[in-house]
Amino acid sequence: MRRAVIAFTAFLGGLIFLLAGPAYAGPADCQGLRGTLKLQGQPVNGAKIAVTTEGGQPVKEVTSNAQGTWDVQVEEPGKYKVTLDVGTLPQNAAVRGGNNVRTPTVYEGNCSTVLFALQPKGAPGQPQEDTSGQTTFWEQAAQLTFEGLNLGLIIALAALGLSLIYGTTGLTNFAHGELVTLGAILAYAFNVGMGLHLIPAAAIAVVVAGALGYLQDRLFWGQLRRRGTGTIAMMIISIGLALLMRYVFLIFFGGQNEAYAQYTAQPGVEIGPISAAPKNFVAMGIELAVLIIVGIALLRTRTGKAARAVADNPALAASSGINVDRVIRIIWTMGGAIAALAGIMLGLSQNLKYTMGQDILLLIFAGVTLGGLGTAFGALVGSLVVGLFIQVSTLWVPPELKSVGALVVLIIVLLVRPQGILGRRERIG
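Residues numbered from 1 in each chain as written. Predicted model: local features only at pLDDT ≥ 70, side-chain atom pairs only at ≥ 80, totals over all residues. Heavy atoms only, no water.

Caption draft 1: Up close: the overall build of the protein chain. When helices and strands are counted, the protein chain shows twelve helices and 14 strands. Across the 429 residues that make up the protein chain, the buried fraction comes to 45%. In the protein chain, of all internal contacts separated by at least 6 residues, the share reaching a separation of at least 24 is 70%. Of the roughly 20400 Å² that the protein chain leaves accessible, carbon and sulfur atoms contribute 61%. (Helix = DSSP H or I, 4+ residues; strand = E, 2+ residues; numbered from the N terminus. Buried < 20%, exposed > 50% of the residue type's maximum accessible area, 1.4 Å probe, protein only. Contact = heavy atoms within 4.5 Å. Areas by Shrake-Rupley, 256 points an atom, 1.4 Å probe, with all protein chains shown as cover.)

So this is what it looks like as structure tokens:
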């Protein structure tokens, strides 16, 4: 088993190293300030940011680029004053709380990230007059509902693979978030590092991630199952694997935020009260299509029926002539590929970073648990509920607390229905 672990780790690290092009060079020495300006998920271009010392001496004035990012390098560590010129923001944008000044501290050899939370003009949760030119409460509700569906579909893609793996193996895989990150980084490597267009780069990344999912079970998890390793021990091992993969990503990808070469900054398209970039509509269509195809495959195909049989009772499925190991490897392949697609879609809606899978992992678990552990359709329903609640709740609560609200809903639902929305009651004891 030790040889299998070493072989899998060497393979994963070697693959990322081979894919590493100029885009994968570690971050250069950095000492300064940086940030990203976004309004409802869309980059803000042309906003001016002025940086001065604590004593008021000017350092530099910069403008955000097409990706909404800006960067100022400083010669000396210390405390600085960063001022966002609100007059250069889009007409419908405002800084949350009205405070456009930040006073971060720069430490030697490090870059500090400066955050300005932007929102549409008008206080969230309060109806606005149409004659004022500001968005009304119901327009905000419609926009946030659309964004919640978009987020929910991304969570559902990632949660689907996690739920299928749990259903067939009983493994609660805490490294699943890193499979999401892996898909986004592989697509970035093919797109930016090798110069491919994002569409073929994404397709290749999904295939490679699926192959890695197969090898992960063949060389690692399958070996642990044969040795009779318990599910609790395997869950703890998955936490260690997640940490390993996360810091491999940090070494080769770096700690900075990046964006794909295409579809980063698109003008919004307005459909009624909803405004979104065209890529969001296309991404939602792809996500829906994949979820429908996987659902039909589980219900109608021979492999799908075998997977459901293994999830219900592995021993009975094996005695019926089903090759349980083969079914599990197919599930791992499909789960890795779908998680990679979720990572690519997440990278389209926000910048890429090495912790993006970790950041969404709690929401994935919330969607899976809310819908019912081990049920593919429950993962879809639960993820949509989580995504909708996260976004729509910002009408009443600060955006910083939106994920907390989703987890509160999860707790309440599980107190009423412990098996989840579509889960089945199980006898305990």
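Caption draft 2: Representation of the pattern of salt bridges. For the structure shown, the criterion picks out six salt bridges. Here arginine 225 and aspartate 217 are joined by a salt bridge, their closest N and O atoms 2.7 Å apart. For arginine 225, a relative accessible area of 23% translates into the label partly exposed. Of the residues examined, aspartate 217 reaches a relative accessible area of 0% and is grouped as buried. Residue aspartate 217 pairs with arginine 329 through a salt bridge whose shortest N-O separation is 3.7 Å. A residue pair is termed long-range when its members are at least 10 positions apart, and aspartate 217 in helix H4 (residues 198-226) and arginine 329 in helix H9 (residues 324-349) qualify at 112 residues. Accessibility assignment for this pair places aspartate 217 and arginine 329 in one class, buried. Linked by salt bridges that have partners in common, Asp217, Arg225, Asp325 and Arg329 make up one network. (Salt bridge = Lys/Arg side-chain N within 4 Å of Asp/Glu carboxyl O.)

Caption draft 3: Structural context of the UniProt feature "transmembrane region" (unreviewed entry) in the protein chain. The feature "transmembrane region" (unreviewed entry), as annotated in UniProt, sits at residues 149-167, 179-212, 232-253, 281-299, 330-348, 360-390 and 396-416 in this numbering. Taken as a whole, residues 179-212 contains 88% helix and 0% strand, while its terminal C-alpha atoms sit 9 Å from one another. Along residues 232-253, the helical share is 100% and the strand share 0%, with 31 Å between the first and last C-alpha atoms. (UniProt positions renumbered as here; feature names shortened; annotations may be inferred.)

Caption draft 4: Representation of a nonpolar patch on the surface in the model. A grouping of Trp396, Val397, Leu401, Val404, Val408, Ile411, Ile412, Leu415 and Val416 is seen on the molecular surface, where their side chains present a nonpolar patch of about 920 Å² in accessible area. Looking at the secondary structure, you find tryptophan 396 in the loop between helix H11 (376-392) and helix H12 (402-416). (Patch = residues over 30% accessible without salt bridge, like charges linked within 9 Å, V, L, I, M, F, W, Y side chains within 5 Å.)

Caption draft 5: Molecular detail of the side chain of glutamine 256. Position of glutamine 256 among the secondary structure elements: in the loop between helix H5 (231-253) and strand E13 (269-271). Polar contacts involving the side chain of glutamine 256 include one to the main-chain carbonyl oxygen of phenylalanine 253, which spans 2.9 Å. At 3.1 Å, the side chain of glutamine 256 forms a polar contact with the side chain of glutamate 258. (Polar contact = N/O pair within 3.5 Å; in protein donor to acceptor, adjacent residues only side chain to side chain.)

Caption draft 6: Summary view of the nonpolar core. Judged by nonpolar contacts, the single largest core of 80 residues is most densely connected at Trp221, Tyr260 and Ile364. Looking at this core, the element that brings in the most residues is H9, giving 14 residues. Tryptophan 221 has contacts with Leu171, Asn173, Gln216, Met234, Ile237, Ser238, Leu241 and Trp332, leaving out every residue within four places of it along the chain. One finds Val44, Trp70, Tyr80 and Leu84 within the second-largest nonpolar core, a separate group that totals 21 residues. (Core = buried A, V, L, I, M, F, W, Y, C linked by side-chain atoms within 4.5 Å.)

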